[in-house]
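What the coordinates show
Here is how the chains run, residue by residue.
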Amino acid sequence: MAAILECKKLKKQYGNFTALNEIDLTLPEGKIIGLLGPNGSGKTTLIKLASGLLLPTSGELLIGGKKPGIETKKIVAYLPERNYLTDSMKVSGAVDFMADFYSDFDKNKAYDLLNKLDIDPKKTLKSLSKGTKEKVQLILVMSRNARLYLLDEPIGGVDPAARDYILETIISNYCENATVLISTHLIADVESVLDEYVFIQNGNILEHGSVERVKESGKTVDGLFREVFRC
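Residues numbered from 1 in each chain as written. Predicted model: local features only at pLDDT ≥ 70, side-chain atom pairs only at ≥ 80, totals over all residues. Heavy atoms only, no water.

1. A word on the pairing of strand β9 (residues 204–210)
Where strand β8 (residues 196–201) lies against β9, six bridges are found, and the strand directions are antiparallel. The residue bridging V198 from the neighbouring strand is H208, located in β9. (Pairing = 2+ DSSP bridges. Helix = DSSP H or I, 4+ residues; strand = E, 2+ residues; numbered from the N terminus.)

Structure representation (structure tokens):
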């Protein structure tokens, strides 16, 4: 199976602080993968490196065999942890903005998802709740026909009742051969949609494995996470 993301001795430092410690990681195409670890473990740093927002201190990161840059941005859809839209913009304006910016953006899919989540395109982002804004941002990202989706805490700000629907939105709206990397600390909530998991702590990859094999062993990923990260 072809790799969409490869890390080779990837290191990122901020002064004397090591956010990623020479990690090796290969993620295949066509999988939903959980990047799981406590706050401050290196999840967001890895996602920002893959999106091209940060440069590595040393080592190498490749997206589809290429270093992050103009070409990889064409195939990577990135959902940051924080709001990136202007509050004065209408939801429909955000859709138009994405359509102008990305040639692979599907406006019909975006409006269909907005309708399913009962979000009025005529409303300004300022008038929406924090959770609804996060839903809009997720819809915009998942409406691209990308090869790699990088989702940083996509369900962290929404109520538990909406999480299942949002996860269903993720798994039913990405291309078959694409990979979705979901960074979260809410393991139990995302476990049902994952094919693989990556445990990360203090900038080190602790485990990378198959969710199916964990289930076959009679465990859950959430339970395994609690074992591995037991204080």
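Anyway, onward from the coordinates.
2. Details of the sheet that holds strand β5 (residues 76–79)
Strands sit in the order β5-β6-β7-β3-β8-β9 across an open sheet of six strands; the sheet is mixed. Edge positions in the sheet fall to β5 and β9, since each of these pairs with one other strand and no more. Put simply, the sheet's adjacent strands are angled 15 degrees from each other on average, direction ignored. Pairing between strand β6 (residues 148–152) and strand β7 (residues 179–184): five bridges, direction parallel. (Axes fitted to C-alpha atoms, helices over the stretch in contact; angles between N-to-C directions.)

3. Section: the packing of helix α3 (residues 91–101) against helix α4 (residues 107–116)
Put simply, α3 and α4 touch, their axes get as near as 10 Å, and they point 155 degrees apart. The orientation of α3 with respect to α4, classified from their angle, is roughly antiparallel. The handedness of the crossing between α3 and α4 is right-handed. Counted together, V91, S92, V95, D96 and A99 of α3 and K107, A110, Y111 and L114 of α4 form the full contact between these two elements. For the contact of α3 with α4, the residue count by class is six nonpolar, one polar and two charged. (Parallel < 35°, antiparallel > 145°, perpendicular 65-115°, else oblique. Left-handed = near helix turned anticlockwise from the far one by under 90°. Contact = heavy atoms within 4.5 Å. Nonpolar A, V, L, I, M, F, W, Y, C, P; charged D, E, K, R; others polar.)

4. Considerations on the nonpolar core
Counting residues in hydrophobic clusters, the biggest one holds 31 residues, and the most contacted among them are L36, Y149 and L151. If you look at the next biggest cluster of nonpolar residues, it comprises 24 residues, including L5, L61, Y78 and L148. (Core = buried A, V, L, I, M, F, W, Y, C linked by side-chain atoms within 4.5 Å. Buried < 20%, exposed > 50% of the residue type's maximum accessible area, 1.4 Å probe, protein only.)

5. Digging into the environment of K67
You can see K67 is positioned in the loop between β4 (58–63) and α2 (70–73). The exposure class assigned to K67 is exposed, which follows from its relative accessible area of 60%. Taking the C-alpha atoms as reference points, K67 and A50, separated by 17 residues in sequence, lie 8.8 Å from one another. Setting aside anything within four residues of it in sequence, one finds K67 in contact with E60, L61, L62 and T72.

6. Examining the pattern of salt bridges
Considering all chains together, one arrives at 10 salt bridges under this definition. D96 serves as the salt-bridge partner of K107, at 2.9 Å between the closest nitrogen and oxygen. A residue pair is termed long-range when its members are at least 10 positions apart, and K107 in helix α4 and D96 in helix α3 qualify at 11 residues. We classify D96 as partly exposed; its relative accessible area is 32%. Linking E227 and K219 is a salt bridge whose minimum nitrogen-to-oxygen distance equals 3.3 Å. Taking relative accessible area as the criterion, E227 reaches 37% and is therefore assigned partly exposed. (Salt bridge = Lys/Arg side-chain N within 4 Å of Asp/Glu carboxyl O.)

7. What about α4?
K109, A110, L113 and L114 are the residues of α4 that are buried. The arc enclosing the buried residues of α4, seen along the axis, measures out at 135 degrees, which places them on a common side. For α4, exposure combined with an orientation more than 90 degrees from the buried face picks out N108 and N115. Contact partners of the buried residues in α4: α3, α5 (130–142) and α6 (160–171). Measuring from the backbone nitrogen of N108 back to the side-chain oxygen at the start of α4 gives 3.0 Å, which picks out D106 as the cap. Looking one or two residues past α4, D118 carries a phi angle of roughly 55 degrees, positive in sign. (Arc of directions from axis to C-beta. Polar contact = N/O pair within 3.5 Å; in protein donor to acceptor, adjacent residues only side chain to side chain.)

8. Structural notes on the pairing of strand β1 (residues 3–14)
In regular strands, side chains alternate between the two faces of the sheet. In the sheet, β1 pairs with strand β2 (residues 17–28) via eight bridges, with the strands oriented antiparallel. Directly across from Y14, in β2, lies its bridge partner F17. The antiparallel hairpin formed by β1 and β2 contains two residues in its connecting segment, where G15 sits at a positive phi of about 65 degrees. Pairing analysis gives five bridges linking β1 to β4, with the strands arranged antiparallel. What sits directly across from E6, in β4, is L62.

By themselves, these figures tell us nothing about what the structure is for.
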